[in-house]
Amino acid sequence: SAAASTSGPERSSTHTRRTVPMAPPLSDTQLNTLVEALLSSQNCVVITGAGCSTESSIPDYRGPNGAYTTGFTPMTHQQFMASPANRARYWARSFAGWFTFSAAQPNAAHEALARLQQRGWVSHIITQNVDRLHAKAGARHVLELHGTTHEVRCMSCGAVSSRHSMQQRLAD
């Protein structure tokens, strides 16, 4: 299938799975409508989801090459809390994928939203994503609906630590 049109650098030749759904670029009329809406807005809030991070090579769950197409289903909180074996399985899988996931960098969409926010055209960003790429791009006032994978909370005492320190504890 053809690659989606982007203004950024070409995707690495080692990237074999297509994570970005095909979408035509905005027409001039659509772009002008968007600009007019932003300029006249007093308090614009942007809502993002998985599609915002797919260009950063973070696959979505429901897209054409998403994890759900392989039969994978994420562990629920109830399953996680149900047994030590479930938690061990979760952390083993999470440990293995963390290096690649945490190395992801913001893409043009994250950077554009951060610039719009810095210029006062967007007041807040609400995202379903757990990757913190909006913050990495410089956005502030980001509400992460599903939390983040960059912090870990102890289910016994409530202490919060960075995911990087948790990775080190798991590696030791």
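Residues numbered from 1 in each chain as written. Predicted model: local features only at pLDDT ≥ 70, side-chain atom pairs only at ≥ 80, totals over all residues. Heavy atoms only, no water.

As a working rule, side chains carrying opposite charge can pair if their charged atoms are close by. For the structure on display, the rule yields 2 salt bridges. One salt bridge connects Glu-144 with Arg-132, and the closest N-O pair in it is separated by 2.9 Å. Linking Glu-144 in strand 3 (residues 142–144) with Arg-132 in the loop between strand 2 (124–127) and helix 5 (133–136), this pair joins segments that are 12 residues apart in sequence. Taking the shortest distance from any N to any O, the salt bridge between Glu-151 and Arg-132 comes out at 3.9 Å. Pair noted here: Glu-151 is in strand 4 (residues 151–153) and Arg-132 is in the loop between strand 2 and helix 5, with a separation of 19 residues, a long-range link. (Salt bridge = Lys/Arg side-chain N within 4 Å of Asp/Glu carboxyl O. Helix = DSSP H or I, 4+ residues; strand = E, 2+ residues; numbered from the N terminus.)

Let's shift gears to the pairing of strand 2. A one-sided burial pattern is seen for strand 2, the buried positions being Ile-125 and Thr-127 and the unburied ones His-124 and Ile-126. In the sheet, strand 1 (residues 45–48) pairs with strand 2 via 4 bridges, with the strands oriented parallel. Paired with Val-46 across the strands is Ile-125, a residue of strand 2. Looking at chain direction, strand 2 and strand 3 are connected through 3 bridges and run parallel. Paired with Ile-125 across the bridge in strand 3 is Val-142. (Buried < 20%, exposed > 50% of the residue type's maximum accessible area, 1.4 Å probe, protein only. Pairing = 2+ DSSP bridges.)

Turning our eyes to something else, we now look at the sheet that holds strand 3. In a beta sheet, neighbouring strands pair by backbone hydrogen bonds and run either parallel or antiparallel. Pairing is parallel in the open sheet, where 3 strands are placed in the order 1-2-3. The outermost strands of the open sheet, each flanked by one partner alone, are strand 1 and strand 3. On average, adjacent strands in this sheet sit at an angle of 15 degrees to one another, irrespective of strand direction. (Axes fitted to C-alpha atoms, helices over the stretch in contact; angles between N-to-C directions.)

The subject of this paragraph is the packing of helix 3 (residues 84–102) against helix 6 (residues 163–171). Running from N to C, helix 3 and helix 6 point in directions that differ by 130 degrees, and their axes come no closer than 11 Å. One finds that helix 3 runs oblique with respect to helix 6. Judged by the sense of rotation from one axis to the other, the crossing of helix 3 with helix 6 is left-handed. Touching Trp-91, Ser-94, Phe-95, Trp-98 and Ser-102 of helix 3 are Arg-163, His-164, Met-166, Gln-167, Leu-170 and Ala-171, all from helix 6. For the contact of helix 3 with helix 6, the residue count by class is 6 nonpolar, 4 polar and 1 charged. (Parallel < 35°, antiparallel > 145°, perpendicular 65-115°, else oblique. Left-handed = near helix turned anticlockwise from the far one by under 90°. Contact = heavy atoms within 4.5 Å. Nonpolar A, V, L, I, M, F, W, Y, C, P; charged D, E, K, R; others polar.)

Quick look at helix 3 now. In this model, helix 3 (19 residues) spans 25 Å end to end at C-alpha, consistent with the 27 Å of a helix rising 1.5 Å per residue. The largest bend in helix 3 comes to about 40 degrees, at Ala-96. Where helix 3 is buried, its residues touch helix 2 (77–82), helix 5, strand 4 and helix 6. (Expected span 1.5 Å × (residues − 1). Bend = angle between axes of the 7 residues up to and from the residue.)

Going through the model one piece at a time under the given rule, you end up with 5 aromatic pairs. Each ring, one from Phe-80 and one from Tyr-90, has its centre 5.3 Å from the other, and the planes form 90 degrees; the classification is edge-to-face. Of this pair, Phe-80 sits in helix 2 while Tyr-90 is found in helix 3, placing the two residues 10 residues apart along the sequence. Since its relative accessible area comes to 31%, Tyr-90 is described here as partly exposed. (Phe/Tyr/Trp six-rings, centres within 6.5 Å; stacked < 30°, edge-to-face > 60°.)

What follows covers a nonpolar patch on the surface. Among the surface-exposed residues, Leu-26, Leu-31, Leu-34, Val-35, Leu-39 and Trp-121 lie close enough to one another that they form a single nonpolar patch of about 540 Å² accessible area. Position of Leu-34 among the secondary structure elements: in helix 1 (residues 28–40). (Patch = residues over 30% accessible without salt bridge, like charges linked within 9 Å, V, L, I, M, F, W, Y side chains within 5 Å. Areas by Shrake-Rupley, 256 points an atom, 1.4 Å probe, with all protein chains shown as cover.)

This next bit is on the nonpolar core. Leu-38, Cys-44, Val-46, Cys-52, Leu-113, Ala-114, Leu-116, Val-122, Ile-125, Ala-137 and Ala-139 form the largest nonpolar core, which has 11 residues in total. The dominant element in this core, judged by the number of residues it contributes, is helix 4 (residues 108–118), at 3 residues. (Core = buried A, V, L, I, M, F, W, Y, C linked by side-chain atoms within 4.5 Å.)

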